[in-house]
Each structure stands twice: as structure tokens, then as C-alpha cells.
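One letter stands for each residue in the lines below.
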Amino acid sequence: MEDELRALQESIEGLKRSLPVSDHHDSISEMQQRVGRIMSLVKSSGGRRSKVKELSAEVVDSNPYSRLMALQRMGIVENYERIRNFSVAIVGIGGVGSVAAEMLTRCGIGRLLLYDYDTVELANMNRLFFRPDQVGMTKTDAAVQTLSDINPDVVLESYSLNITTVKGFDTFIESLKRRKPEEDGRSSGVDLVLSCVDNYEARMVVNQACNELNQTWMESGVSEDAVSGHIQLLVPGETACFACAPPLVVASGVDERTLKREGVCAASLPTTMGVVAGLLVQNALKYLLKFGQVSPYLGYNSLKDYFPTMEMKPNPQCSNSACLERQKEYIQAKPARDALAKAKLEAESSSQTECPLHMDNEWNISVVDDSEAETSNHSRKPDALPEGLVRELPNADKYQEPPVSGGISAINDDLEELQRQLDALNSA
Ligand SMILES: [Zn+2]
């Protein structure tokens, strides 16, 4: 294909030379440019790797997953390969969503569903991910173009729609529900939804869909002045939903679009967006691959590098009826949850007593019962040391009097002597 394009380019060049200088030259030059663009596209797709059947832990430069599989070898993640079974939906492919999509793609996520209604603009170039040559493309199509090049193993679905319209919402819900035959019994076909939108109306729509589908989701946001952000985990029925404690704008029922002033746009920084996307995907990975602790809410204040955390319980008076249903189900399932946790705890403790952690005991370390150690401690005087130990430093609690010889009269003698010496110096 490359050879044929080169031949075509040479023929066009020949045609240009043979024709007299005329208006045709412009269209011929344009043809040459187009052939050049096709050629660069062919060249770039030539570097694309083929799909891999299964993730390999082999440490070779040609393995795109060796560094990720090392997490398993180092005991951070029990089974990294599971990442290929997960589907994640990202709503809003802007400054945070596009970076989150790239991170998950590079991590080898199984399936990504991308939702956005916007197109790429030059005004987006202060952030990461999109390139100037993608201006005019829909954000979802541009994202699929880049992501499929980075990792062809990821199944990408592009939904260029507005979820806040009735039609958009229906398509959104239907696409989230679509699942593989082996996943029957679940109300949702995705494992996690990441909300990366920039307005409350869209957040309320994601909240509605996830409450209806009993779908766990994570919310993210960056402030209008670009210097702070947050991420939040929302588990329907278990944690507060977005309507449980709505922001003032939502609670007061004001249309947020009326708050925008003509000619004034929100600020944005690639740094804050990158940090928030990183925190979001880190928590998504922890949630999916079950390692570490998933933050229920994590704030980021870049001016002070302050990261507040907190937990929010669901509101029994929430205005969202689907949220109230999920809350009821969560309370009803408490006995089953407790029994499961107890059984898990018992299984863990019995497996611990059955086999010792270390078979050999080179240093003859023995475990002493805590209660026994405490009673023997109490029988000693508070300051006493165990037998055979002596203090090397003086007891700091006690002020050591300096040795005084002769008492007050000796000090007075010294002072008189000092005075005499000073007088002698002054008179000299
Ligand atoms: Zn709620």
C-alpha cells in the first residue's frame, strides 16, 4: 500500500510538471497533500501491535503487561488478569474522563463505554489527551481512535449522545444494561460507572440511572477555579447518593445554565485534572481488583496540598425514590451480610491456627499471651526494669542538684573575690 501511494504521488508530480501553469496547480497540490496524509496514517497504523490472547507475566521488553503483572508477583494484587473481565462506563470524556479512559486502557481493562456529546476544540488543548489534529471530531470517536492504537485488546464502545435528554437517557440505561450471557442475574452489564461530567444536571442523571440499576459508581469533579477537586464512591443504599445531600444549586432548583455569565468560562489546568483522574482510576482499580482501601470521599486542595476524606451515610428522607428503595434493601440484607462477614472471619482465624506462619524458628521467637504479660507488668513498680537491665541515662524526671561545697557563704565569698578583680581592672 505504501509503495502504491508513493507511485501515485510521483504520477501527480509528473502531471503537475507537464501541465502549463494554471488554476489546476492548486487542486493538484491539494491532492498531493491528501496522499501525504494517507501515507502518514498508513505508516502510523503499521506500528500498531496485534491483540494478545492472555496476559503474560514474562519480563521482556515486548510484553505490554509485564509491569502490571508484576503487581501480582509482588503481592499487591491477587489476580491482575481479572482486569480483562471488567467493563467500565465513563460519562464525560473531558479533562478528567479522557485521562481516566487512557489510564484504564493502558491498564488493560476489558471493555470501556464512552459517553459524551461534545466535539474536540482548540480550547481543549490546555488539557491532556486530545490532539490538535482531532479538532472537529466527536470526543468519543477521537478517544476511540487514540485508545485503540494504544491498546487494541480493550473493547471500546463510543456513545456520542447527551444523557440529559429523554432519548439520550434511554440509550444510556440500555447500554449499561447490555451484558454477556454468562452475567445473567445482574441488573447492570458494567462493573463500575465513572462520572466525569462538568455539571450537576448530568450528575443527577448518572445518579438516577445508577440508583435504578443498583450500580456502584464514582463521582469526580474539579472546581471552576481549577485549583481543587474531589472523587466520591457511591454504592446505592449503602452510601449517600448524589441527591441525599444535594449541592445548594441543585437543592434550590435553580437552572445552573442561568448561572453562566456571557464571555466568562471556567478555568482548567491539566495538573488538577490529571491528579483527580489519577485518584479516580486508582480507586477504581482498588475497587475492581480488591486491594487496599477505596476512599468513600477524597478531596484535593492544590493550594495547600490538602486531601480531606469523609464518609456519608444515605439520607432516609432522600428525594430520589430509587435511592429509598435501595436503602430499604440494604437494611433488609443486613442479617445475611453479618452472617457472611462472621463466616469469613471464622474461616480466616481457623486457617491461621491450623498452620503456623513460619515453619522454622531460627531465632526461637515465642509468642507470649498479652494478658499474662500485663499482669506481670502490674506487679512491678512503675519505674522498675525487668531483671538484668540497667538504665544507662540518668532518670530524666528527676532534677539533679549541682554539687555545692560550702553553701551560701562560699558563693558570697566568690562574688566578693570577683568584685575585687573587676575593681582592680577598672582602676588600672
Ligand atoms: Zn439518596
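As the structure is a prediction and not an experimental result, all values here were calculated from the model. (Residues numbered from 1 in each chain as written. Predicted model: local features only at pLDDT ≥ 70, side-chain atom pairs only at ≥ 80, totals over all residues.)

Undergrad: Hey, could you go over the overall build of the chain for me, with residue numbers and the actual values?
TA: In terms of regular secondary structure, the chain is built from 13 helices and 7 strands. Out of the 428 residues in the chain, the part that is buried amounts to 26%. The contacts in the chain between residues at least 6 apart in sequence include a share of 66% that link residues at least 24 apart. (Helix = DSSP H or I, 4+ residues; strand = E, 2+ residues; numbered from the N terminus. Buried ≥ 20, exposed ≤ 12 C-beta atoms within 10 Å, placed from the backbone. Contact = placed C-beta atoms within 7 Å.)

Undergrad: Can you tell me about the packing of helix α4 (residues 97-106) against helix α5 (residues 139-150), naming the residues and giving the values?
TA: In the contact formed by α4 and α5, the axes pass within 9 Å of each other and the chain directions differ by 25°. As summarised for this structure, α4 and α5 are arranged roughly parallel, according to the angle between their axes. Two packed elements cross with a definite hand, and for α4 against α5 that hand is right-handed. On the side of α4, the interface is formed by Ser98, Ala101, Glu102, Thr105 and Arg106, while α5 contributes Ala143, Leu147 and Ile150. A per-class count over the contact of α4 with α5 returns 4 nonpolar, 2 polar and 2 charged. (Axes fitted to C-alpha atoms, helices over the stretch in contact; angles between N-to-C directions. Parallel < 35°, antiparallel > 145°, perpendicular 65-115°, else oblique. Left-handed = near helix turned anticlockwise from the far one by under 90°. Nonpolar A, V, L, I, M, F, W, Y, C, P; charged D, E, K, R; others polar.)

Undergrad: So, the nonpolar core: which residues are in play, and what are the values?
TA: Counting 70 residues, the largest nonpolar core has Val88, Ile90, Ala100, Leu194 and Leu280 as the members making the most contacts within it. Per element, the largest residue contribution to this core is 10 residues, and it comes from helix α9 (residues 270-289). Discounting residues that sit within four places of it in the chain, Val88 has contacts with Leu104, Ile109, Leu112, Val190, Asp191, Leu192, Leu194 and Ala284. (Core = buried A, V, L, I, M, F, W, Y, C linked by C-beta atoms within 7 Å.)

Undergrad: Lay out α9 with the relevant residues and their values.
TA: Taking 1.5 Å of rise per residue, 20 residues should cover 28 Å, and α9 covers 28 Å from first to last C-alpha, within 8% of that figure. Listed as buried for α9 are Thr272, Met273, Val276, Ala277, Leu279, Leu280, Val281, Asn283, Ala284, Leu285, Leu288 and Leu289. Lys290 lies just past α9 and shows a positive phi near 55°. (Expected span 1.5 Å × (residues − 1).)

Undergrad: Explain the confidence of the model for the chain to me, using residue names and the numbers behind them.
TA: Mean pLDDT for the chain: 85, with 82% of residues reaching 70 or above. Taken as a whole, residues 373-379 scores under 50 in pLDDT and shows 1 contact with residues more than four places along the chain or in a different chain. (pLDDT = per-residue confidence, 0-100.)

Undergrad: Provide a residue-level description of the pairing of strand β2 (residues 111-115), including the pertinent values.
TA: Burial analysis of β2 places 4 of its 5 residues in the buried class, the great majority of the element. The sheet contact formed by strand β1 (residues 87-91) and β2 spans 5 bridges and is parallel. Residue pairing in the sheet places Ile90 in a bridge with Leu114 of β2. Following the backbone out of β1, through α4 and into the adjacent parallel β2, one traces a crossover that is right-handed. Looking at chain direction, β2 and strand β3 (residues 155-159) are connected through 5 bridges and run parallel. Each bridged residue has a counterpart across the sheet, and for Leu112 the counterpart in β3 is Leu156. Between β2 and its parallel partner β3, the chain crosses via α5, and the hand of that crossover is right-handed. (Pairing = 2+ DSSP bridges. Right-handed = clockwise from strand over helix to strand, strands pointing away.)

Undergrad: So what's going on with the environment of Val205? Which residues, and what values?
TA: If you trace the backbone, Val205 turns up in helix α7 (residues 200-213). With 23 C-beta atoms packed within 10 Å, Val205 lands in the buried category. Here the alpha-carbon distance between Val205 and Phe169, two residues 36 residues apart in the chain, equals 7.7 Å. Residue contacts for Val205: discarding those within four places in its chain leaves Ile163, Thr164 and Phe169.

Undergrad: Talk me through the sheet that holds strand β7 (residues 297-301); I want residue IDs and the actual numbers.
TA: Taking strand neighbours across the sheet as the criterion, the 7 strands line up as β3-β2-β1-β4-β5-β6-β7 in an open arrangement whose pairing is mixed. Every other strand in the sheet has two partners, leaving β3 and β7 as the edge strands with one partner each. Pairwise comparison of adjacent strand axes, ignoring direction, gives a mean angle of 15° for this sheet. Two elements, β1 and strand β4 (residues 192-195), share 4 bridges in a ladder whose sense is parallel. Across the sheet, Val88 pairs through a bridge with Leu192, a residue of β4.

Undergrad: Describe α4, listing the residues and the values that go with them.
TA: When you tally the buried positions in α4, you get 7 out of 10 residues, the bulk of the element. Among the residues of α4, Gly97, Ser98, Val99, Ala100, Ala101, Leu104 and Thr105 are the ones counted as buried. At its buried positions, α4 is contacted by β1, β2, α5, β4 and α9. Positive backbone phi, approximately 85°, marks Gly108, located one or two places after α4.

Undergrad: Quick rundown of the environment of Arg84? Include the residues and the values.
TA: Looking at where Arg84 falls in the secondary structure, it is placed in the loop between α3 (66-73) and β1. Beyond its immediate chain neighbours, meaning those up to four positions away, Arg84 contacts Leu55, Gly108 and Gly110.

Undergrad: Could you give an account of the packing of helix α6 (residues 166-177) against α7, naming the residues involved and the relevant values?
TA: Look at α6 against α7: their axes get within 11 Å of each other, and the N-to-C directions meet at 40°. As judged from the angle between their axes, α6 and α7 are oblique. In this structure, α6 meets α7 at a crossing whose hand is right-handed. Touching Phe169, Phe172, Ile173, Leu176 and Lys177 of α6 are Val205, Ala209 and Leu213, all from α7. Across the contact of α6 with α7, the residue classes tally to 7 nonpolar, no polar and 1 charged.

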